[in-house]
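Single-letter residue listing:
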Amino acid sequence: MFWDRASETMPREELEKLQLARLRDMVARIYERVPFYRELLRQAGCEPGDIKSLEDLRRLPFTTKEDLRENYPFGLFAVPLEDVIRVHASSGTTGKPCVVGYTRRDIETWADLMARALTMGGATRGDVIQNAYGYGLFTGGLGIHYGAERIGATVVPVSGGHTKRQLMLMQDFGSTVLTCTPSYTLYMAEEAQAAGVDLKGLKLKSGIFGAEPWSENMRREIEARWPLKAYDIYGLSEVMGPGVAMECEVRQGLHVFEDHFIPEIIDPATGQTLPYGQTGELVFTTLTKEAFPLLRYRTRDISALYPEPCACGRTHVRMARITGRTDDMLIIRGVNVFPSQIESVLLGLGYTEPHYLLVVDRQARRLDELEVWVELSEGMFTDAVRGLEELEQRIARELDSVLGIRARVKLVEPRTIPRSEGKARRVVDRREL
Amino acid sequence: MRVKQISVFLENKSGRLAQVSDVLGAGGVNIRALSIADTTDFGILRLIVSDPDRAYRLLKEAGFTVNLTDVLAVELEDRPGGLAQALKPLAEAGMNIEYLYAFVQKARDAALVVFRVEQMDEAANVLQARGIRLVPGEEVYRL
């Protein structure tokens, strides 16, 4: 099924012409309106007029999450704030989040691309879409929501969590499409089993899952437990939110919506663009975004691009499932977590030289569990159990309020967290996807 | 009147307790009384030893997280109701006991119990006013 057949099946030649025109317009806009980009392009010896072909994109400089942080909060906006009708934010590497903005037209575009994605996942105006992505600064909830309204489906904006209520609504409303993180689906399945809910008897036919890496194994497991067909959706708030790429019914890679975004795969070490089919870091350039355009944004996600024609008829290139990260970012229950954020929390609590370890696990209950091991410093040891437990709780509360994620804090003895070359190893990820 | 107690932070890992007693044993320090308070993750080992300052130094050198805490060593009649004699006056004075534990060895014919309370001086006064003997550190270490 197509939402916008003309755009989705546009012949490559025509698509590339459109991309080039949009790219030139976008680069001219950021050069003119965003001092950061003007400086970036000047330093690289580039001018908007230099772009004669799509290949010229490779000569333009990258932007990174650090650039976003340095321009916090609105420094990279290409329109006056009065033209921005919404902001969203994602985790930064330290205390400050990465803020993105949307003009009215950006929100329209996003809704349209999300409508495209949901349609690819089998949703129609006759469907009841239970949206269990979190609503708020996170782009997941509202992104799906606007797309679902755009196609005219019945949206149930239940947001994340409250599993018993999710299950009740699914049964009572006859939800036909479920949107959430894939791991939450498995968690709900466990809860449903415990509560005696017959999942196979539900009306769900499609699940549109994203915001965290998952695997074909997980897909098989989800489909074995639920009556639905599971689709992978990709997006990141810096680039827009969900709806940057989506699987079609063939489910062999995610079509990147190339009329709005140009994807590239680069070698993360050299920055060289890699040919189709090779694995590397995924980079995006936005073509139509007004408030928050991005030039060659390094996502740190690892993927590959496949240009071969797809049986579904779409001409847009496909990207492989995300297989990892080039940095140490973790995605826990859909929330991005950087070890450096944990470090700033500990520093804020008076730890002068925090030694900590993040242990992520996905146990039988299927939900990611984050344990933060913190080495007890001499000065923090008190003889009372209560004092130490309060310390654990204080760290946990602070992590929750800064990262928005509940973690179990465990105090460990000094010098027990392994160090390599003086630097501690920060993450142990025991999840098997 | 105070007695120095050694407190050691221990993760709940097998062998840690044995290491503590190894370190003390090798250093010629004798353990007089001990107790462990534990949670699912960690424990606090509390020790009364023959030479607290030496024990503190030895354990620290061996990489343990240690501190010295003052406690009261209270001598009680070794008969039913003996402990209540000390607890009642403290309760009446509104003092909370953080923890207590007993010595295995006996000082004379009496029982010896270690008390940790928030208000150490007040607690000592309350007990002494009732004629309860607090055993000084030097005597406890020598037991």
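Residues numbered from 1 in each chain as written. Chains lettered and ligands numbered in written order. Predicted model: local features only at pLDDT ≥ 70, side-chain atom pairs only at ≥ 80, totals over all residues. Heavy atoms only, no water.

(A) View of the packing of helix α5 (residues 104-120) of chain A against helix α6 (residues 139-151) of chain A. Residue and element names in this part refer to chain A. Interaxial distance between α5 and α6 falls to 7 Å at its minimum, and their mutual angle equals 75°. The angle between α5 and α6 places the two elements in the roughly perpendicular class. Across the interface between the two elements, Ile107, Glu108, Trp110, Ala111, Asp112, Met114, Ala115, Leu118 and Thr119 from α5 touch Thr139, Gly143, Ile144, Tyr146, Gly147, Ala148, Arg150 and Ile151 from α6. A breakdown of the residues in the contact of α5 with α6 according to their chemical character gives 10 nonpolar, 4 polar and 3 charged. (Axes fitted to C-alpha atoms, helices over the stretch in contact; angles between N-to-C directions. Helix = DSSP H or I, 4+ residues; strand = E, 2+ residues; numbered from the N terminus. Parallel < 35°, antiparallel > 145°, perpendicular 65-115°, else oblique. Contact = heavy atoms within 4.5 Å. Nonpolar A, V, L, I, M, F, W, Y, C, P; charged D, E, K, R; others polar.)

(B) Just the packing of aromatic side chains, in detail. Tallied over the entire structure, the rule returns 10 aromatic pairs over all chains. Their ring planes at 70° and their centres at 5.3 Å tell us that Phe36 of chain A and Tyr37 of chain A sit as a pair that is edge-to-face. The class for Phe36 of chain A is buried, based on a relative accessible area of 17%. Arranged with centres 6.5 Å apart and planes meeting at 20°, the rings of Tyr99 of chain B and Tyr101 of chain B form a pair that is stacked. Given the relative accessible area of 7%, Tyr101 of chain B is considered buried. The cationic tip of Arg86 of chain A hangs over the ring face of Tyr146 of chain A; the distance from NZ or CZ to the ring centre is 4.6 Å. If you follow Arg321 of chain A out to its NZ or CZ, it ends over the ring of Trp214 of chain A, 4.6 Å from the centre. (Phe/Tyr/Trp six-rings, centres within 6.5 Å; stacked < 30°, edge-to-face > 60°. Buried < 20%, exposed > 50% of the residue type's maximum accessible area, 1.4 Å probe, protein only. Lys NZ or Arg CZ within 6 Å of the ring centre and 35° of its normal.)

(C) Fine view of the packing of helix α7 (residues 163-173) of chain A against helix α8 (residues 182-195) of chain A. Residues and elements named next belong to chain A. Direction vectors running N to C along α7 and α8 enclose 80°, while the axes themselves pass 10 Å from each other. Our classification of the angle between α7 and α8 gives roughly perpendicular. Contact residues: Thr163, Gln166, Leu167 and Met170 in α7; Tyr184, Tyr187, Met188, Glu191 and Ala192 in α8. Of the residues contributing to the contact of α7 with α8, the split by class is 6 nonpolar, 2 polar and 1 charged.

(D) Structural context of the domain arrangement of chain A. Residue and element names in this part refer to chain A. Assigned domains of chain A: these are domain 1 (1-327) and domain 2 (330-429). Relative to domain 2, the C-alpha centre of domain 1 lies at a distance of 31 Å. In this complex, domain 1 contributes 22 residues to the contact, which on the side of domain 2 involves 14 residues. Between domain 1 and domain 2 the total buried area reaches about 1500 Å² when both faces are included, carbon and sulfur atoms providing 53% of it. On the surface where domain 1 and domain 2 come into contact, there are 0 salt bridges. Joining domain 1 to domain 2, the criterion identifies 0 residue pairs in polar contact (both at pLDDT 80 or more). For the side of domain 1 that touches domain 2, the leading source of residues is α8, giving 6 residues. A per-class count over the side of domain 1 that touches domain 2 returns 7 nonpolar, 7 polar and 8 charged. (Domains from an automatic or database assignment. Buried area = accessible area lost by both parts, 1.4 Å probe. Salt bridge = Lys/Arg side-chain N within 4 Å of Asp/Glu carboxyl O. Polar contact = N/O pair within 3.5 Å; in protein donor to acceptor, adjacent residues only side chain to side chain.)

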